[in-house]
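What follows is the residue order along each chain.
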Amino acid sequence: LSVLISTLKEVKNENSDFDLNVELFDKTIEQWKIYRKTKAELDASVVEGGTMYPLFYASSLTATTKEKIESLKNEFEIDLRRYASR
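Now for a description of the structure that goes with this document. Residues take numbers from 1 onward in each chain, read along the sequence in its written order. It should be noted that, the model being predicted, local features are given only for residues of pLDDT at least 70 and side-chain atom pairs only at 80 or more, the latter also being counted only at that level, while totals for whole chains, interfaces and linings use all residues. With hydrogens and water set aside, each side-chain value is computed from the structure's full complement of heavy atoms.

Here's the deal with the pattern of salt bridges
Thought 1: We define a salt bridge as a side-chain nitrogen of Lys or Arg found within 4 Å of a carboxyl oxygen belonging to Asp or Glu. Evaluated as defined, the whole model comprises four salt bridges.
Thought 2: Asp26 is the salt-bridge partner of Lys9, the closest N and O atoms lying 2.6 Å from each other. Of the two residues, Lys9 is situated in helix H1 (residues 2-14) and Asp26 in helix H2 (residues 22-44); the sequence distance between them amounts to 17 residues.
Thought 3: A residue is classified by how much of its surface remains accessible, and Lys9, at 24% relative accessible area, is partly exposed.
Thought 4: Type-normalised accessible area, obtained with a 1.4 Å probe on protein chains alone, sets the label of each residue: buried when under 20%, exposed when over 50%, and partly exposed for intermediate values. Take Asp26: its relative accessible area is 29%, and that puts it in the partly exposed class.
Thought 5: When the shortest N-O distance is used, the salt bridge between Glu77 and Arg81 registers 2.4 Å. Note that Glu77 and Arg81 are positioned in helix H4 (residues 77-84) at a spacing of four residues, about one turn of the helix. Runs of H or I in DSSP of at least four residues are treated as helices and runs of E of at least two as strands, each being numbered from the N terminus.

See below:
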């Protein structure tokens, strides 16, 4: 995820046509990280206090991160293709 975020910011720096408000983008990522943590706590709460808690928590973090990566790739697909073809 961090590599993709860095790449998107790099695309913005190199392409003035790429419409990305980096400040707001960073804010959405920070808010999303809070959501991801809270969702992991919720998903793991069914086994709270047990030995499976860390597994459920980590699995939720991983799944939510993968979803975010795919979402960002889809949202910025055209811009990422243009950048990659340079």
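Observations regarding the nonpolar core
The tendency in soluble globular proteins is for nonpolar side chains to be buried as a group.
Thought 1: By size, the foremost hydrophobic cluster in this structure holds twelve residues: Leu4, Ile5, Leu8, Val11, Phe18, Leu20, Phe25, Ile29, Ile69, Leu72, Phe76 and Leu80.
Thought 2: Those elements that provide at least two residues to this core are H1, H2 and helix H3 (53-75).
Thought 3: Considering each element in turn, this core owes the most residues, four residues, to H1. Remark: nonpolar core denotes a set of buried residues (Ala, Val, Leu, Ile, Met, Phe, Trp, Tyr, Cys) joined through side-chain atoms within 4.5 Å.

A word on the environment of Lys39
Thought 1: Relative to the elements of secondary structure, Lys39 occurs in helix H2.
Thought 2: In this structure Lys39 comes out as partly exposed when scored by relative accessible area, which is 25%.
Thought 3: Taking the C-alpha atoms as reference points, Lys39 and Ser60, separated by 21 residues in sequence, lie 7.3 Å from one another.
Thought 4: Non-local contacts of Lys39, meaning those with residues more than four positions away in its chain, are made with Ser60 and Thr64. Pairs of residues are marked as contacts when any of their non-hydrogen atoms sit within 4.5 Å.

A short note on a nonpolar patch on the surface
Thought 1: Exposure above 30% relative accessible area and the lack of any salt bridge qualify a residue for a patch; like charges then connect within 9 Å, and the nonpolar side chains Val, Leu, Ile, Met, Phe, Trp and Tyr within 5 Å. Reported accessibility uses the Shrake-Rupley method at a 1.4 Å probe radius. Residues are deemed covered only where the shown protein chains occlude them. A surface patch of nonpolar side chains, amounting to about 370 Å² of accessible area, comprises Val46, Met52, Leu55 and Phe56.
Thought 2: Structurally, the position occupied by Met52 is in the loop between H2 and H3.
Thought 3: Accessibility expressed as a relative area gives 38% for Met52, which makes it partly exposed.

As for the packing of aromatic side chains
Thought 1: Centre distance within 6.5 Å is the pairing criterion for rings of Phe, Tyr and Trp, where only the six-membered ring of Trp is used; planes under 30 degrees apart are then read as stacked, over 60 as edge-to-face, and the remainder as tilted. Across all of its chains, the model carries three aromatic pairs by this definition.
Thought 2: A ring pair is formed by Phe18 and Phe76, whose centres lie 5.6 Å apart and whose planes are at 75°; its orientation type is edge-to-face. Of the two residues, Phe18 is situated in the loop between H1 and H2 and Phe76 in the loop between H3 and H4; the sequence distance between them amounts to 58 residues.
Thought 3: Under the relative-accessibility criterion, Phe76 is labelled buried at 8%.
Thought 4: Summarising the aromatic geometry, the rings of Tyr53 and Tyr57 are spaced 6.1 Å apart at their centres and angled 20° between planes, so their arrangement reads as stacked. Of this pair, Tyr53 and Tyr57 both sit in helix H3, separated by four residues, roughly a single helical turn.
Thought 5: For Tyr53, a relative accessible area of 25% puts it in the partly exposed group.
Thought 6: Looking at Tyr57, the relative accessible area reads 21%, which means it is partly exposed.
Thought 7: Counting every residue linked through ring pairs, the aromatic cluster contains Phe18, Phe25 and Phe76.

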